[in-house]
Amino acid sequence: MKLILAIVKPFKLDAVREALIASGVEAMTASEVKGFGRQKGQTEIYRGAEYEVNFLPKVRLEIIVDDEQVDAACTAIRESAITEKIGDGKIFVLNVEEAIRIRTGETGSAAL
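Cut-offs applied
Residues numbered from 1 in each chain as written. Predicted model: local features only at pLDDT ≥ 70, side-chain atom pairs only at ≥ 80, totals over all residues. Heavy atoms only, no water. Axes fitted to C-alpha atoms, helices over the stretch in contact; angles between N-to-C directions. Helix = DSSP H or I, 4+ residues; strand = E, 2+ residues; numbered from the N terminus. Parallel < 35°, antiparallel > 145°, perpendicular 65-115°, else oblique. Left-handed = near helix turned anticlockwise from the far one by under 90°. Contact = heavy atoms within 4.5 Å. Core = buried A, V, L, I, M, F, W, Y, C linked by side-chain atoms within 4.5 Å. Buried < 20%, exposed > 50% of the residue type's maximum accessible area, 1.4 Å probe, protein only. Arc of directions from axis to C-beta. Salt bridge = Lys/Arg side-chain N within 4 Å of Asp/Glu carboxyl O.

Chemist: Got a sec to walk through the packing of helix α1 (residues 13-22) against helix α2 (residues 70-81)? Specific residues and values, please.
Modeler: Two numbers describe how α1 lies on α2: the axes approach to 8 Å, and their chain directions differ by 150 degrees. Taken together, the axes of α1 and α2 lie roughly antiparallel to each other. Considering how the two elements wind past one another, α1 and α2 form a crossing that is right-handed. Listed contacts from α2 to A15, V16, A19 and L20 of α1 are A73, A76, I77, S80 and A81.

Okay, here's the thing in structure tokens:
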């Protein structure tokens, strides 16, 4: 099993969710987060005053899939989240040692 962590722009969340469902992913968790990378924030104007926003809003997705679903899920995320502009986000894939469904006690892939 693998944990896919993806950081994407907030307005791309629905497109990514639909692409993941179409690729066979059955569940995911989304969290609103703030961060910065190469874009280093941005300058905005509010009521005539200019100010710098150092942390930009993003959405963090956490998806656990079987090993054979990783490529399809990552492709779905990338193709649906891309704007070809700086700040599109990142995808990380990590190993998951065990999963346990609390309600039934199922383990491994059955718990997904």
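After that view, the rundown keeps rolling.
Chemist: So what's going on with the nonpolar core? Residues and values would help.
Modeler: Within the largest apolar cluster, 17 residues are counted, with the highest numbers of intra-cluster contacts made by I4, L20, L61, I63 and I77. Within the residue set of this core, elements represented by two or more residues are β1 (2-8), α1, β5 (56-65) and α2. Considering every element that reaches this core, the biggest residue donor is α2, with six residues. The contact partners of I63, leaving out residues within four places of it in the chain, are K2, L3, I4, L20, V25, A27, M28 and I77.

Chemist: Pulling in residues and values, what's your account of α1?
Modeler: Considered for burial, the residues of α1 that qualify are V16, A19 and L20. For α1, the buried positions fall inside an angular range of 100 degrees around the axis, keeping them on one side. Opposite the buried face of α1, at more than 90 degrees from it, the exposed residues are I21 and A22. Buried positions along α1 lie against β5 and α2. G24 sits one or two residues past α1 and shows a positive phi near 105 degrees.

Chemist: Now, about the pattern of salt bridges: what can you tell me, with residues and values included?
Modeler: Counting across every chain of the model gives three salt bridges. The salt bridge partner of K9 is D88, with a shortest N-O separation of 3.7 Å. Remark: D88 occurs in the loop between α2 and β6 (89-95) and K9 occurs in the loop between β1 and α1; sequence separation between them is 79 residues. Judged by its relative accessible area of 16%, D88 falls in the buried class. A salt bridge links R60 to E62, with the shortest nitrogen-to-oxygen separation between them at 3.2 Å.

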